[in-house]
Amino acid sequence: MKLIQTIQELRTELDALRKQGKSIGLVPTMGALHEGHASLVKRAVAENDVVVVSDFVNPTQFNDPNDLIKYPRTLDADCALLEKEGAHIVFAPSVEEVYPEPDTRTFSYAPLDTVMEGKYRPGHFNGVCQIVSKLFMMVEPDKAYFGEKDFQQLAIIREMVKQMEFPLQIVGCPIVREKDGLALSSRNARLSEEQRQQALNISKTLFKSLEWAAGHSVEETQQFVEKAIAEAEGLELEYFEIVDGVTLQKISTWEDAPYVVGCITVYCGEVRLIDNIKYKE
Ligand code: PAF
């Protein structure tokens, strides 16, 4: 496995591999890797000749400067995990390498990016599209892998690929959970043991709501989740929305869309956690 830190070296390396007819898979990450990332890399290794994993904490997608400062940076441990999973190249550039000058491009995929995370984290998806589009241009992958935990991000990246006609396939991969249900996230490392127990109520509530939804309306399911999180110690709900899984717009009845997802964001202390559940697919 090679650790590459400059765009020029990355291009030279990948051009040579492409000339040999090798297919290239890209797994974009911000590092602090866990088993969720490992599952993306495993899938990419199974489906491509060469797998590039980018490990870059992208400053332009953080609307909260504190969150950027506190974001865990664990390149050595990341490389150990990636070596074990069979990745070929880790691309870990500096901020100056990626943004030698400010990126003034704007991306707008309304109404996909104006709801939920788009509403609570203004500018976040613009930053995500800036870095992901740069990575697509640097790596020119055949396939790129993203987790379904960031459900809205995945929908927006699919739309960007469609509108910008990037010649690649986006592969969405299922959420990976701890045995007790907690969705894996780099942010979990910031939870105390007590907070980790409290955070468990997020996935527990979503799973219970799946059963509840079978006999209740969308509004009743919404209220069920809101009440459960309000009653759970240590958690503060930012939003829970039951949406059409394609348009990301709220639905009013279960018949409104063939694919229905509940997306939730909860604060556990200072740590912002997201999760989602599919009610219909
Ligand atoms: O999902 C993430 O970790 C990031 O948003 C991504 C896609 C790597 C872009 O920085």
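This one's a predicted model, so the numbers in the text were calculated from it and none came from an experiment.

> What should I look at first to understand the environment of S209 in this one?
Its location among the elements puts S209 in helix α9 (residues 193–215). Distance from S209 to T74, taken between C-alpha atoms, is 36 Å for residues 135 residues apart in sequence. With residues near it in sequence (within four places) discarded, S209 still touches T221, F224, V225, I277 and Y279.

> Explain the site of the ligand to me, please; I cannot follow it from the model alone.
Close to the ligand lie P28, T29, M30, N58, Q61, I131, F146, D150 and Q153, which account for all nearby residues. Contact distances for the ligand include 2.6 Å between an oxygen atom and a side-chain N or O atom of Q61. Here an oxygen atom of the ligand and a side-chain polar atom of Q153 are 2.7 Å apart. Within the complex, 89% of the 290 Å² of free accessible area of the ligand lies under protein. Under a 2 Å grid-point criterion requiring more than half of the atoms, the pocket assigned to the ligand is the largest cavity. Looking at the shell around the ligand residue by residue, the class counts come to 4 nonpolar, 4 polar and 1 charged.

> Mind showing me how you'd approach the sheet that holds strand β8 (residues 260–268) here?
Backbone hydrogen bonds are what pair the strands of a sheet, in a parallel or an antiparallel way. Taken in spatial order, the 3 strands line up as β7-β8-β9 in an open sheet, and their pairing is antiparallel. Looking at strand neighbours, the two that pair on one side only are β7 (235–244) and β9 (271–280), the edges of this open sheet. Shown here is a sheet whose adjacent strand axes are inclined to one another by a mean of 15°, direction ignored. With 9 bridges joining them, β7 and β8 adopt antiparallel strand pairing. From the neighbouring strand, V243 faces β8, where its bridge partner is V261. Sitting on the sheet, helix α10 (residues 218–231) touches β7, β8 and β9, and the angle it makes with β7 is about 165°.

> When you look at the pattern of salt bridges in this model, what are you seeing that I'm missing?
Once their charged atoms are close, side chains differing in charge can pair, the charge on each being opposite to the other. Evaluation of the coordinates by the stated rule reveals 19 salt bridges. As a salt-bridge pair, K227 and E231 come within 3.1 Å of each other at their nearest N and O atoms. Of the two residues, K227 and E231 are both situated in helix α10; the distance of 4 residues between them amounts to about one turn of the helix. Residue E231 is classed as exposed on the basis of its relative accessible area of 56%.

> Could you clarify how one ought to interpret the pairing of β9 in this entry?
In summary, the side chains of a regular strand alternate between the two faces of the sheet. Most of β9 is tucked away: 8 of the 10 residues are buried. Sheet topology places β8 next to β9; 9 bridges connect them, and they run antiparallel. Each residue of the ladder has a partner; that of T265, found in β9, is I274. Connecting β8 to the next strand, β9, in antiparallel fashion are 2 residues, including G269 with a positive phi near 60°.

> Teacher, can you tell me more about empty space enclosed by the protein here?
Any space left empty among the atoms is revealed by the rolling of a water-sized probe across them. In this structure the tally under the stated criterion is 2 cavities of 30 Å³ or more. In this structure, the largest cavity encloses a volume near 840 Å³. Lining the largest cavity we find 50 residues, and of these H37, Y71, K149, D150 and Q153 sit closest to its centre. For the lining of the largest cavity, the secondary-structure elements that each account for two or more residues are β2 (24–29), α2 (35–47), α7 (124–139), β5 (143–147), α8 (151–164), β8 and β9. No other element matches α7, which puts 6 residues into the lining of the largest cavity. Along the lines of polarity and charge, the residues of the lining of the largest cavity split into 25 nonpolar, 17 polar and 8 charged. Around the second largest cavity sit L182, A183, S185, N188, A199, I202, L273, I274 and D275, which together line it. For the lining of the second largest cavity, the secondary structure elements donating two or more residues are α9 and β9.

What counts and what doesn't
Residues numbered from 1 in each chain as written. Predicted model: local features only at pLDDT ≥ 70, side-chain atom pairs only at ≥ 80, totals over all residues. Heavy atoms only, no water. Helix = DSSP H or I, 4+ residues; strand = E, 2+ residues; numbered from the N terminus. Contact = heavy atoms within 4.5 Å. Near = heavy atom within 4 Å. Polar contact = N/O pair within 3.5 Å; in protein donor to acceptor, adjacent residues only side chain to side chain. Areas by Shrake-Rupley, 256 points an atom, 1.4 Å probe, with all protein chains shown as cover. 1 Å grid on protein atoms, 1.4 Å probe; cavity = no way out; pocket = protein on both sides within 12 Å on 5 of 7 lines; lining within 4 Å. Sits in = over half its atoms within 2 Å of the grid points. Nonpolar A, V, L, I, M, F, W, Y, C, P; charged D, E, K, R; others polar. Pairing = 2+ DSSP bridges. Axes fitted to C-alpha atoms, helices over the stretch in contact; angles between N-to-C directions. Salt bridge = Lys/Arg side-chain N within 4 Å of Asp/Glu carboxyl O. Buried < 20%, exposed > 50% of the residue type's maximum accessible area, 1.4 Å probe, protein only. Points joined across faces, edges and corners; volume = space filled by probe spheres on them.

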